[in-house]
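Below, each chain spelled out in residue letters.
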Amino acid sequence: MKIAVGSDHGGIHLKNHIREYLKAKGIEVVDCGTYTEESVDYPDYAAKVCQAVNDGEAERGILICGTGIGVSIAANKIHGIRAALCGDVFSAQMSREHNNANILCMGERVIGLSLAEMITDTWLRSEFAGGRHLRRIDKITALEAMR
Ligand code: RB5
């Protein structure tokens, strides 16, 4: 599995931590930045990670900012993206099984490193359940055409 990771300055420490955590597990990682603590705009990094997923460069993506809110709002504007902001393990599992989330969002200023690792592990190993949930995902996709 190949995972794209990205963050703004508010999420850079957790993003770097998760990048190394995944690499240590043998998971290939595309780091879309940011690479310094200089203040940047989170929509730019949401766009980079979502583009990597939509282009097939990565199967799924992980986005981090201070709260996780900005990157999740930005990512969910992009065609084909279902970004889930998760601060607990149950939500991480459900976001895959029920919502087929292809982007995991977390907030560096909200959760600790160990919880972020558990959320990431759970999110990566959980699979979409399909069935009735597929109908709902199709309805979400249809909303992309709504103005
Ligand atoms: C940056 O200070 C902060 O606003 C950003 O990381 C994020 O929390 C926005 O939602």
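Look up a bit, the structure's there.
Thresholds, definitions, all that
- Residues numbered from 1 in each chain as written.
- Predicted model: local features only at pLDDT ≥ 70, side-chain atom pairs only at ≥ 80, totals over all residues.
- Heavy atoms only, no water.
- Axes fitted to C-alpha atoms, helices over the stretch in contact; angles between N-to-C directions.
- Helix = DSSP H or I, 4+ residues; strand = E, 2+ residues; numbered from the N terminus.
- Parallel < 35°, antiparallel > 145°, perpendicular 65-115°, else oblique.
- Left-handed = near helix turned anticlockwise from the far one by under 90°.
- Contact = heavy atoms within 4.5 Å.
- Nonpolar A, V, L, I, M, F, W, Y, C, P; charged D, E, K, R; others polar.
- Near = heavy atom within 4 Å.
- Polar contact = N/O pair within 3.5 Å; in protein donor to acceptor, adjacent residues only side chain to side chain.
- Salt bridge = Lys/Arg side-chain N within 4 Å of Asp/Glu carboxyl O.
- Buried < 20%, exposed > 50% of the residue type's maximum accessible area, 1.4 Å probe, protein only.
- Patch = residues over 30% accessible without salt bridge, like charges linked within 9 Å, V, L, I, M, F, W, Y side chains within 5 Å.
- Areas by Shrake-Rupley, 256 points an atom, 1.4 Å probe, with all protein chains shown as cover.
- Pairing = 2+ DSSP bridges.
- Phe/Tyr/Trp six-rings, centres within 6.5 Å; stacked < 30°, edge-to-face > 60°.
- Lys NZ or Arg CZ within 6 Å of the ring centre and 35° of its normal.

Asks: Any chance you could break down the packing of helix 4 (residues 89-97) against helix 5 (residues 113-125) for me, citing the residues and the numbers?
Replies: Relative orientation of the contacting elements helix 4 and helix 5 amounts to 25°, with a least axis distance of 8 Å. Judged by the inter-axis angle, helix 4 sits roughly parallel to helix 5. Read as a crossing pair, helix 4 and helix 5 show a hand that is right-handed. Here Val89, Ala92, Gln93, Ser95 and Arg96 of helix 4 lie close against helix 5, whose contacting residues are Leu115, Met118, Ile119, Thr122 and Trp123. Per-class residue counts for the contact of helix 4 with helix 5 are 6 nonpolar, 3 polar and 1 charged.

Asks: Any chance you could break down the site of the ligand for me, citing the residues and the numbers?
Replies: Surrounding the ligand, one finds Asp8, His9, Tyr42, Cys65, Gly66, Thr67, Gly70 and Arg109. Here an oxygen atom of the ligand sits 2.8 Å away from a polar atom, N or O, in the main chain of glycine 66.

Asks: With reference to specific residues and values, describe the pattern of salt bridges.
Replies: Side chains that carry opposite charge are capable of pairing whenever their charged atoms lie near each other. Under the criterion given, the structure shown has 8 salt bridges. For glutamate 20, the salt bridge goes to arginine 19, with nearest N and O atoms at 2.7 Å. The partly exposed category is assigned to glutamate 20, whose relative accessible area is 38%. Given a relative accessible area of 18%, arginine 19 falls into the buried group.

Asks: Tell me about a nonpolar patch on the surface, and name the residues and values.
Replies: Among the surface-exposed residues, Ile69, Ile73 and Leu85 lie close enough to one another that they form a single nonpolar patch of about 260 Å² accessible area. Mapping leucine 85 onto the fold places it in strand 4 (residues 83-85). Residue class for leucine 85 comes out partly exposed when judged on its relative accessible area of 39%.

Asks: Any chance you could break down the sheet that holds strand 5 (residues 103-107) for me, citing the residues and the numbers?
Replies: The parallel open sheet is built from 5 strands, whose spatial order is 2-1-3-5-4. Each having just a single partner strand, strand 2 (28-31) and strand 4 make up the two edges of the open sheet. On average, adjacent strands in this sheet sit at an angle of 25° to one another, irrespective of strand direction. Where strand 1 (residues 2-7) lies against strand 3 (residues 60-65), 5 bridges are found, and the strand directions are parallel. Across the sheet, valine 5 pairs through a bridge with isoleucine 62, a residue of strand 3. Of the strands in this sheet, strand 1, strand 2, strand 3 and strand 5 touch helix 1 (residues 12-24), which is tilted by about 165° from strand 1.

Asks: Can you explain the packing of aromatic side chains? Please cite residues and give values.
Replies: Inspection of every chain in the model, using the stated rule, returns 0 aromatic pairs. A cation over an aromatic ring shows up here: arginine 60 above the ring of tryptophan 123, its NZ or CZ 4.9 Å from the ring centre.

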